[in-house]
Amino acid sequence: MKKTKKPWTAHILTLFPEMFPGPLSFSIIGKALKEKIWSINLINIQNFSKKGPKYVDDKPYGGGSGMIIKSEVVHEALKKTIKKIKTDYSIVYLTPKGKKLDQRRVKKFTKKKNIILVCGKYEGIDQRVIDAWKMEEISIGDYVLSGGEIAAMNLIDSCVRLLPNTLGSSKSLDSETFQNNLLEYPQYTKPRNWLGKRVPEVLLSGNHKKIKEWKEKESIKITRIKRPDLLKKVEKR
Ligand code: SAM
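Residues numbered from 1 in each chain as written. Predicted model: local features only at pLDDT ≥ 70, side-chain atom pairs only at ≥ 80, totals over all residues. Heavy atoms only, no water.

### Some remarks on the pattern of salt bridges
Heads up, the rule is: We count a salt bridge whenever a side-chain nitrogen from Lys or Arg sits within 4 Å of a carboxyl oxygen from Asp or Glu. Only runs of H or I of at least four residues qualify as helices and only runs of E of at least two qualify as strands under DSSP, and these elements are numbered from the N terminus. Each residue is placed in one exposure class: buried if its accessible area under a 1.4 Å probe, protein chains only, is under 20% of its type's maximum, exposed if it is over 50%, and partly exposed if it falls in between.
Counted under the stated rule, the structure contains eleven salt bridges. The salt bridge involving Arg-128 is made with Asp-126; its shortest N-O contact spans 2.7 Å. Close ionic contact of Arg-161 with Glu-176 constitutes a salt bridge, the shortest N to O distance being 2.6 Å. Of the two residues, Arg-161 is situated in the loop between helix H5 (149–160) and strand S8 (193–194) and Glu-176 in the loop between H5 and S8; the sequence distance between them amounts to 15 residues. Overall, Arg-161 belongs to the partly exposed group, its relative accessible area being 23%. Residue Glu-176 is classed as buried on the basis of its relative accessible area of 17%.

### Considering the sheet that holds strand S5 (residues 89–100)
Our working rule: Only when DSSP finds a minimum of two bridges between them are two strands counted as paired. To get an axis, a line is fitted to the C-alpha atoms, and for a helix only the part in contact is used. The angle between two axes follows their N-to-C directions and goes from 0 to 180 degrees.
Overall, parallel pairing links the five strands, which are arranged S2-S1-S6-S5-S7 in an open sheet. Looking along the sheet, the strands with just one partner apiece sit at the ends: strand S2 (38–44) and strand S7 (136–139). The sheet shows a mean angle of 30 degrees between the axes of neighbouring strands, direction not considered. Pairing between S5 and S7: five bridges, direction parallel. Residue pairing in the sheet places Lys-99 in a bridge with Ile-138 of S7.

Next comes the structure, spelled out in structure tokens:
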């Protein structure tokens, strides 16, 4: 019998499993889910509370507002998840205190077959379980969401589009924004003339060499204007 290869899998520890796959079931990412290019494993943290589903959080020591998810429930949920996976995984805690997610980190997360995403809620998770499992703390930006689920979806989407066979052509990734620390050149489609604004003539020329040169030049130009910090990284190389 032919052995089927296991797809890249996102294991999501959450208090709200019903939020998934949600937006991840649409378009390219949803198609990839149906085609088993990736899969999702939902773990409801509530099922790991010995006292019952309502006892997953408690007040913070030292005072302060809100509730903190208890170490023991996250710990038990992780133990069970990892028992199944065994090997080849990263554990990520989504938190505004983490390192910022960027394309380099996204690529890195696709290299392992499994990613375990721990979603916080309320005021977050007890620090001891984050430290005990050496979770990689990842933020999707300098703003605070009410829970890690939307951040997890964000991370999954950015990973799945990099998996082989998700996109019709992997060539579309070659010149994409952040590839080689550059922003993508401007793109145009029909009509050639829209409200008096014309598509750059070179793109209609059929001269592939000139088109390539134009794209490279525009890419550098737009990066210099919008994200000079990225160009500095190119110069350093
Ligand atoms: N008390 C926390 C603080 O000040 O750092 C914020 C907790 S936030 C209201 C609740 C949960 O949302 C967090 O535990 C985390 O899982 C998620 N979250 C919020 N903002 C995030 C961000 N920028 N990136 C990733 N996850 C985020």
